[in-house]
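Breakdown of the fold
Next come the chains, spelled out residue by residue.
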Amino acid sequence: MAAYSLEDLAARLDARLVGDGRCRIRGVGALASATTDEVTHLSSASYRSLLPATRAGAVLLREADAAACPTNALIVADPYLAFARVSQLFLVEDGLPAGAHASAVVAADALVDPTACVGPHVVVGAGSRVGARVRLHAGVSIGERCTIGDDVEIRPNAVLYSDVSVGARSVVHAGAVLGGDGFGFAPDGAGRLHAIAQLGGVRIGEDVSIGSNTTIDRGAIEDTVIEDGVKIDNLVQVGHNCRIGAHSVLCGCVGLAGSTTIGRHCVLAGGSGVGGEHPVTLCDGVTLTATTIVTTSIDKPGVYSGSMLHNTHTRWKRIVLLLHGLDELVKRVRSLEKRLPEGRR
């Protein structure tokens, strides 16, 4: 088990240490439950009341909270970021040896780096390339002409259709599907729907995280593009020909209609959706709160909401009934306004 002195952690994090630098840290914990050999963090004022009683070996916190800390303190500008970096020190990877498992099926012309780990029942298609130190877990399927960059990890049963590229250090979690056909159909005169061939691919940038059971469709003509540093949660749907800008975040159950463009450093909270009659673009720096639906483009950074707050069931039903009569109410108000003298409207 890995162990680090607080002196070592302080140097790694460029933190100011208050306390015993010889204290050994063997893991991370929550502020309320961390033990004497664990490090925790105070990143939000919401948890400040828990600080005086913590039994952690050390707390990552800001200068303003140091006086109330009853144990060793590592003082940093951003405790949450520092905690993320510390957590990586204690990550234990699954035992997946280098080389290909006997049950793996690798096409004769596929290029797999000898340091890559190819687990049980993995399939690597013709013309694909798998980079150095890649980890392909059990049941992963890599289609034809795919490119997997160095240090990528693809978790069990994820599927990459043909013509998908994944940039270095990215992670694809279990059950994700990259490069499935976009949802494109053309009706004929009789109303029958005819599939439009999806001839593009999917390009995933570097340092991207794609959650479990997320689907990213291939482009109809050009590629669907996920830029560097994007983080996508579980159960997200990204339609064909979408483009997601660098370092944006898509939380669980977000849905993007085809040809949507999301700018850089955007945050789409859980259950939000983007799509309209025409392709929708969100500029850089847009945040959508949970379940917000956007049907037209946004060209100004900021926080946007488009759903109603919850209420008691009885009151909610009354509100809905009133909404149904809103158009009639507006007509009546306008009619009354017309009766007012000009100066009083």
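Preceding this paragraph is the structure being described.
Residue numbers restart at each chain and count upward from 1, following the sequence in its written direction. The predicted origin of the model limits local features to residues at a pLDDT of at least 70 and limits the giving and counting of side-chain atom pairs to 80 or more, whereas totals for whole chains, interfaces and linings rest on all residues. Derived side-chain values reflect all non-hydrogen atoms in the structure, with water molecules and hydrogen atoms excluded from consideration.

Here we look at the environment of Val267
Condition: Counting from the N terminus, the helices are DSSP H or I runs at least four residues long and the strands are E runs at least two residues long. In this description, contact between two residues means that some pair of their heavy atoms is separated by no more than 4.5 Å.
Within the secondary structure, Val267 is located in strand β34 (residues 267–268). Once residues lying within four places of it in the same chain are set aside, the contact partners of Val267 are Val249, Val286, Thr287 and Leu288.

Concerning the packing of aromatic side chains
The test is simple: Aromatic pairing here means that ring centres of Phe, Tyr or Trp (its six-membered ring) are within 6.5 Å. Orientation follows from the plane angle: under 30 degrees is stacked, over 60 is edge-to-face, and everything else is tilted. For every residue, the accessible area obtained with a 1.4 Å probe (protein chains only) is divided by the maximum for its type, and the residue is called buried under 20%, exposed over 50%, and partly exposed between those limits.
Scanning all chains against the criterion turns up two aromatic pairs. Arranged with centres 5.5 Å apart and planes meeting at 90°, the rings of Tyr4 and Phe90 form a pair that is edge-to-face. Here the residue Tyr4 occupies a position in strand β1 (residues 4–5), and Phe90 occupies one in the loop between α2 (79–89) and β8 (99–100), the gap between them amounting to 86 residues. Tyr4 gets classed as buried once you look at its relative accessible area, which sits at 14%. Given a relative accessible area of 16%, Phe90 falls into the buried group.

Some remarks on the sheet that holds strand β7 (residues 72–75)
For clarity, the threshold we go by: Any two strands with at least two DSSP bridges between them are considered paired. Lines fitted to C-alpha atoms define the axes here, with helix axes fitted over just the stretch in contact, and angles between the N-to-C directions of these axes take values from 0 to 180 degrees.
The five strands lie next to each other as β2-β7-β6-β5-β4, forming an open sheet whose pairing is mixed. Strand pairing shows two members of the sheet lacking a second neighbour, β2 (16–18) and β4 (27–28), which therefore form its edges. Lying on the sheet, helix α1 (residues 6–13) is in contact with β2, β6 (58–61) and β7; it crosses β7 at an angle near 15°. In the packing of α2 onto the sheet, contacts are made with β4, β5 (38–41) and β6, and the angle to β5 comes to roughly 150°.

Side note on the sheet that holds strand β30 (residues 243–244)
One open sheet accounts for nine strands, arranged β10-β13-β16-β19-β24-β27-β30-β33-β36; its pairing is parallel. This sheet does not close on itself; its edge strands, each paired only once, are β10 (111–112) and β36 (281–282). Pairing of β10 with strand β13 (residues 129–130) involves two bridges; the strand directions are parallel. Pairing of Val112 across the sheet is with Val130, part of β13.

Examining the pattern of salt bridges
Threshold: We define a salt bridge as a side-chain nitrogen of Lys or Arg found within 4 Å of a carboxyl oxygen belonging to Asp or Glu.
Using the criterion set out here, one finds 16 salt bridges in the structure. Ionic pairing is found between Arg133 and Asp151, a salt bridge with its closest N-O pair at 2.7 Å. Of this pair, Arg133 sits in the loop between β13 and β14 (135–136) while Asp151 sits in the loop between β16 (147–148) and β17 (153–154), placing them 18 residues apart in sequence. A relative accessible area of 33% means that Asp151 is categorised as partly exposed. Between Arg169 and Glu206 there is a salt bridge whose closest N-O contact spans 3.1 Å. Of this pair, Arg169 sits in the loop between β19 (164–166) and β20 (171–172) while Glu206 sits in the loop between β24 (202–204) and β25 (209–210); the two residues are 37 residues apart in sequence, bridging distant segments of the chain. Overall, Arg169 belongs to the partly exposed group, its relative accessible area being 42%. The network of salt bridges with common partners includes Glu93, Asp94, Arg135, Glu153 and Arg155.

Thoughts on α1
Keep this limit in mind: Throughout, the arc means the angular range of directions from the helix axis out to the C-beta atoms.
Those residues of α1 not exposed but buried are Leu6, Leu9, Ala10 and Leu13. Buried residues along α1 cover an arc of 100° about the axis, so they all sit on one side. Exposed and facing more than 90 degrees away from the buried side of α1 are Glu7 and Ala11. Those residues of α1 that are buried lie in contact with β1, β2, β3 (24–25), β6, β7 and α2. Looking at the residues trailing α1, positive phi occurs at Asp14, about 55°.

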